[in-house]
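Residue strings, one per chain:
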Amino acid sequence: MSEAPGASETPEVGWRPFTVPNLISFGRLCCLPWFVWLVFGAEDRWSAALLLGVLGATDWVDGFIARRFNQVSELGKILDPTADRLLLLVALVALIVDGSLPLWIAVLALVREGGVAVAALVLAAAGARKIEVTWWGKTGTFLMMFAIPSFLAGASDIAAAGVFGVLAWVFVATGLPIHYWSAFGYVPQAILAVREGRAGRAV
């Protein structure tokens, strides 16, 4: 899946690996070990929550830069959602082990992410064309990427921990349903992608 809806209707943009959005996405991936160390090595939940919140916010930043400054690339269409998914997966597993995230929320989020990942592999094997990430998909991921650090901050020893605990439930109450809604919304796109992919091979 790629990072911007409607990109399949635009001309080929090329791989263009050395763009600012791609460097931001790569930097997000490189910060994952730092996040894990903050949670388990330094046992600093607040700093880990801040880092995860910043990494979640950069998801919007790299997409804006790509569109605003004509830096959309084929690599970015793969790297950006990959960074999103890995950030979410690593954060969920880390918070399960840490105990700062309710298990049922983590399970629901992991099931959704696992389902989308498996579906993407099946579609690729079926020869489907690339499916574009929808606005709902990006919004659900964005909200979840703020819900998770809010749970982490809510379990920290800072004075405002209670406020972040409330925010965490607000984010997850909106983000998790949208996350699932967006997943089901890809079904019609997936069917069309398979048909178009097979038609393209037949030409």
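Quantities reported herein were computed from a predicted structural model and do not represent experimental measurements.

## Examining the pattern of salt bridges
Side chains that differ in sign of charge can pair as their charged atoms come close. In total, this model carries nine salt bridges according to the counting rule given. The shortest N-O distance in the salt bridge between Arg 28 and Asp 84 comes to 2.6 Å. Here the residue Arg 28 occupies a position in helix α1 (residues 20-30), and Asp 84 occupies one in helix α4 (residues 74-98), the gap between them amounting to 56 residues. Exposure class is identical for Arg 28 and Asp 84. Each is buried. We note a salt bridge from Arg 112 to Glu 113, for which the minimum N-O separation is 3.0 Å.

## Some details on helix α5 (residues 103-125)
Owing to its 3.6 residues per turn, the α-helix aligns residues three or four sequence positions apart on the same side. With 23 residues, α5 extends 33 Å between its outermost C-alpha atoms, agreeing within 8% with the 33 Å of an ideal straight helix rising 1.5 Å per residue. Restricting attention to buried positions, one finds in α5 the residues Ile 105, Ala 106, Ala 109, Arg 112, Glu 113, Val 116 and Leu 123. Gly 127 lies just past α5 and shows a positive phi near 80 degrees.

## A closer look at the packing of aromatic side chains
Evaluation of the coordinates by the stated rule reveals seven aromatic pairs. Against the face of Phe 69 rests Arg 68, its NZ or CZ located 5.4 Å from the ring centre.

## A closer look at the environment of Trp 135
Inspection of the secondary structure assignment puts Trp 135 in helix α6 (residues 135-154). Separated by 47 residues in sequence, Trp 135 and Ser 182 have C-alpha atoms that sit 8.5 Å apart.

## Quick notes on the confidence of the model for the protein
The predicted structure's coordinates, where accompanied by low pLDDT, should not be read in detail. Within the protein, residue pLDDT values average 85, and 90% of them lie at 70 or more. Within the protein, the lowest mean pLDDT, 85, falls on helix α7 (residues 161-202), and the highest, 96, falls on helix α2 (residues 32-41). Low pLDDT (under 50) marks residues 1-11, which in the prediction has 27 contacts with non-local residues, meaning those over four places away or in another chain.

## Observations concerning unusual backbone geometry
The residue Glu 43 is not glycine, and still its phi comes out positive at about 50 degrees. Inspection of the secondary structure assignment puts Glu 43 in the loop between α2 and α3 (45-68). Judged by its relative accessible area of 66%, Glu 43 is exposed. If you check the backbone angles, Asn 70 has positive phi at about 55 degrees while not being a glycine. With respect to the secondary-structure elements, Asn 70 resides in the loop between α3 and α4. Judged by relative accessible area, Asn 70 falls into the exposed class, the value being 59%.

## Considerations on the packing of α4 against α6
Running from N to C, α4 and α6 point in directions that differ by 30 degrees, and their axes come no closer than 11 Å. The orientation of α4 relative to α6 falls into the category roughly parallel. Once α4 is placed against α6, the crossing between them reads as left-handed. Contacts between α4 and α6 pair Asp 80, Asp 84, Leu 87, Leu 88, Ala 91, Leu 92, Leu 95 and Asp 98 from the former with Lys 138, Thr 141, Met 144, Met 145, Ile 148, Phe 151 and Leu 152 from the latter. A breakdown of the residues in the contact of α4 with α6 according to their chemical character gives ten nonpolar, one polar and four charged.

About the thresholds
- Residues numbered from 1 in each chain as written.
- Predicted model: local features only at pLDDT ≥ 70, side-chain atom pairs only at ≥ 80, totals over all residues.
- Heavy atoms only, no water.
- Salt bridge = Lys/Arg side-chain N within 4 Å of Asp/Glu carboxyl O.
- Helix = DSSP H or I, 4+ residues; strand = E, 2+ residues; numbered from the N terminus.
- Buried < 20%, exposed > 50% of the residue type's maximum accessible area, 1.4 Å probe, protein only.
- Expected span 1.5 Å × (residues − 1).
- Phe/Tyr/Trp six-rings, centres within 6.5 Å; stacked < 30°, edge-to-face > 60°.
- Lys NZ or Arg CZ within 6 Å of the ring centre and 35° of its normal.
- pLDDT = per-residue confidence, 0-100.
- Contact = heavy atoms within 4.5 Å.
- Axes fitted to C-alpha atoms, helices over the stretch in contact; angles between N-to-C directions.
- Parallel < 35°, antiparallel > 145°, perpendicular 65-115°, else oblique.
- Left-handed = near helix turned anticlockwise from the far one by under 90°.
- Nonpolar A, V, L, I, M, F, W, Y, C, P; charged D, E, K, R; others polar.

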